[in-house]
Amino acid sequence: MTVRVRFAPSPTGYLHIGGARTALFNWLFARNQKGVFILRIEDTDEARSTEESTAQILRSMEWLGMNWEEGPFLQSDHKAKHQQYASQLVEMGQAYYCYCSPEELETRRKEMMAKKLPPKYNGQCRSLSAEQRKIFEQEGRKPVIRFRMPDSGVTKINDLVKGPIQFDNSLLDDFVILKSSGVPVYNFAVVCDDHDMNITHVIRGDDHISNTPRQIMLYKAFGWELPEFAHIPMILGPDGARLSKRHGAAALDEYIQQGYLPEAIMNYLVLLGWATEDSQQIFSLTEMIEKFSLDRCAKNAAIFDPEKLKWLNGEYIRHKLRPEELVQLGIKFLAAKKLIDESTDLEYISQVISLERERIRTIGELPELVDFFFKEKIELADDKARKTLAKPNVKEILAKVETELSHTPDFSVAGLEQVIRQLCETNSYKTGEVFHPVRVAVSGRTTGPGLFEMLAVLGRERVVARIKQTVENI
RNA sequence: GGCGCCAUCGUCUAAUUGGUUAGGACGCUGCCCUCUCAAGGCAGAGCUUACGGGUUCGAGUCCCGUUGGCGCCA
């Protein structure tokens, strides 16, 4: 039998780190099993669902490279089907109309709470006669449909990640499956859709464990075959609370904007709650798919660590990305910061970006590091830079370097290194005495790429002009 | 409040399914390289496996309890 799994987000906001991880595990399982991955948008909550969110989620899925065979389906399109299923359960005697008003339910709940009893529905409308229903209808009451839960017995789940779990049926009440507005309730819509789509494995966050017994009872009431369940642990923020907006960047979009790579994010996400026996850290997508299995998933929640994500992203930039790919991505970020435009020399841009390959961990770090390559006037970045220029002899040293570089024939990395080292020797300067001020003079800062690489890329014209300018300002 | 899930270095995790000194990765510290910052290389600190019992020749691993965190239902 073909494996069929689905990712079913609610379109109430951007795709979340947690959601992306759930999607990833479903996707990996489908790919590993040569199964089908389905996307379903759970937009039953009409008040909070938006089309923008749906579009945003789809875009994020595509950006990450998680493709789907079927969908995206909208749960709201199946409303009529859900209503039909609800009536079917009523006909079968597995569900019934309930006319209790929200106020009545609230009063009763409070009474139960006061007596320290669990606040569950008392089954008042379980067996209404036709006449009683007629009276309620005439009063203008709109009924909900409630599912008739068994009063005894246990419901067992054999969870693929968590192992066996048991629930006592008597603790569950007759829950609403269809609201008076005709809108199906989450637990009901999920079961109907999962059945209709022939889902074989329900892989979702473990915050849904408690919903599972209700859903299983629905499958049984219909006489439908049960899917397998796999509840994967949640992702938490640094404070141990469920990851949310409060924790800063929890939306995938923010990582896209900061210049993270999709492969690096996928790699980081798979490491949250899954590992191979040899604790391998870096996986290509193919490797991930090959090696993934649900029985190696962790059971405990994981805290999201932005530092490790950053490290992995750096690894991907340095070792997985081709130099031209980095240049392509870098150009977008530099253009967004208005450091370059169409008129900027492409070869120059490309050389500048390549210089920083070893230093950046996200592409977003690039503009700040290389802005001096593109600015006409450079300014001193900090006190350290000012101090470097304030040292004795700096004016004289820089003047000599300027004279030398203005006419030296070979402006290559090797040529520059030779010329400048020679200058140090001739005047018996320590190398640092010369290198540091030159660096500050051309870049305005004390850190950056190798000095000669930097000079070679900048070119004679810029280098000489900048040093001259600095000498004049001292 | 009821029910459920979970518990190994600060963080993510591994441990031949009960058998060496509890391994790796991020982060941290130091050293090497070096014109700086990175990168890279090497080394180090860090877990009495939440706590307490039990089973066993032997427990991170199995059982019971406690505590704590998280989740679901109101």
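These figures come from a predicted structure and were not determined experimentally.

Cut-offs and rules
- Residues numbered from 1 in each chain as written.
- Chains lettered and ligands numbered in written order.
- Predicted model: local features only at pLDDT ≥ 70, side-chain atom pairs only at ≥ 80, totals over all residues.
- Heavy atoms only, no water.
- Helix = DSSP H or I, 4+ residues; strand = E, 2+ residues; numbered from the N terminus.
- Rg over C-alpha atoms; globule rule 2.2 N^0.38 Å.
- Buried < 20%, exposed > 50% of the residue type's maximum accessible area, 1.4 Å probe, protein only.
- Contact = heavy atoms within 4.5 Å.
- Areas by Shrake-Rupley, 256 points an atom, 1.4 Å probe, with all protein chains shown as cover.
- Lys, Arg positive; Asp, Glu negative; His and termini not counted.
- Charge placed at Lys NZ, Arg CZ, Asp CG, Glu CD.
- Core = buried A, V, L, I, M, F, W, Y, C linked by side-chain atoms within 4.5 Å.
- Salt bridge = Lys/Arg side-chain N within 4 Å of Asp/Glu carboxyl O.
- Polar contact = N/O pair within 3.5 Å; in protein donor to acceptor, adjacent residues only side chain to side chain.

## Considerations on the overall build of chain A
Okay, so step 1: Secondary structure assignment for chain A yields 19 helices and 12 strands.
Okay, so step 2: Taken over C-alpha atoms, the radius of gyration comes to 32 Å for chain A, far larger than the 23 Å a tight globule of 474 residues would show.
Okay, so step 3: Taken along its principal axes, the extent of the C-alpha atoms in chain A is 110 × 45 × 45 Å.
Okay, so step 4: When burial is assessed residue by residue, chain A has 49% of its 474 residues classed as buried.
Okay, so step 5: In chain A, of all internal contacts separated by at least 6 residues, the share reaching a separation of at least 24 is 75%.
Okay, so step 6: With an accessible surface of roughly 23800 Å², chain A has 50% of that area assigned to carbon and sulfur atoms.
Okay, so step 7: Averaging the coordinates of the 62 positive side-chain charges in chain A and doing the same for the 67 negative ones gives two points 5 Å apart.

## Topic: the nonpolar core
Okay, so step 1: With 103 residues, the main nonpolar core has Met61, Val270, Phe373, Phe374, Leu405 and Ile467 as its most contacted residues.
Okay, so step 2: The leading source of residues in this core is helix H19 (residues 451-473), at 10 residues.
Okay, so step 3: Counting 31 residues, the second-largest nonpolar core is a separate cluster that includes Tyr85, Ile145, Ile165 and Ala221.

## What to know about the side chain of aspartate 159
Okay, so step 1: Summarising the element assignment, aspartate 159 is placed in strand S6 (residues 154-159).
Okay, so step 2: For the buried aspartate 159, which has no salt bridge, the nearest side chain bearing the opposite charge is lysine 162, at an N-O separation of 7.0 Å.
Okay, so step 3: In this structure the side chain of aspartate 159 is engaged in a polar contact, spanning 2.6 Å, whose partner is the side chain of histidine 231.

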